[in-house]
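So you can see what is in the structure, the chains are spelled out below.
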Amino acid sequence: RAALLAVASGAGVPALIVELRLDDATAAERIAARATDPLRTSDATWEVYAAQRDRFERPAVAEGALVTLDAARPPADLARAIAAALPPAR
């Protein structure tokens, strides 16, 4: 994250850390649904998800502009929330 924030700062563009949170039940449903989707682009299993969840280091406000969103929301809603949270360009 620090490297990305430094690049954005150097380029004079706004940066925003977006943390998407998802409850385990919804994650399990999505993983199960992907297992039978012939167009899936992810090979993540419950074990992969759990390992990543357990290793995840939550971002801190001190790192920069931060918004935390519920990933169960529709993608279009998430995109609007992210756009609304973007810091102004310098």
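Our structure's up above, just so we're on the same page.
Residues numbered from 1 in each chain as written. Predicted model: local features only at pLDDT ≥ 70, side-chain atom pairs only at ≥ 80, totals over all residues. Heavy atoms only, no water.

1. A short note on the packing of aromatic side chains
Step number 1: The final tally for this structure, using the stated rule, is one aromatic pair.
Step number 2: When the centroid spacing of 4.9 Å and the interplanar angle of 40° are considered together, the rings of tryptophan 46 and tyrosine 49 count as tilted. Within this pair, tryptophan 46 and its partner tyrosine 49 are both found in helix H3 (residues 46-55), separated by three residues, close to a single helical turn.
Step number 3: Using a relative accessible area of 17% as the deciding quantity, one classes tyrosine 49 as buried. (Phe/Tyr/Trp six-rings, centres within 6.5 Å; stacked < 30°, edge-to-face > 60°. Helix = DSSP H or I, 4+ residues; strand = E, 2+ residues; numbered from the N terminus. Buried < 20%, exposed > 50% of the residue type's maximum accessible area, 1.4 Å probe, protein only.)

2. Some thoughts on the pattern of salt bridges
Step number 1: Overall, the coordinates contain six salt bridges when judged by the stated rule.
Step number 2: Notably, a salt bridge pairs arginine 21 with glutamate 19, separated by 3.1 Å at the nearest N-O pair.
Step number 3: Residue classification places glutamate 19 among the buried positions, given a relative accessible area of 3%.
Step number 4: Residue aspartate 54 pairs with arginine 53 through a salt bridge whose shortest N-O separation is 3.0 Å.
Step number 5: For aspartate 54, a relative accessible area of 58% translates into the label exposed.
Step number 6: Here arginine 53 falls in the partly exposed class, since its relative accessible area comes to 34%.
Step number 7: Each of Glu19, Arg21 and Arg58 takes part in salt bridges that share partners, so that together they form one network. (Salt bridge = Lys/Arg side-chain N within 4 Å of Asp/Glu carboxyl O.)

The quantities given are spatial measurements derived from coordinates; they are silent on function.
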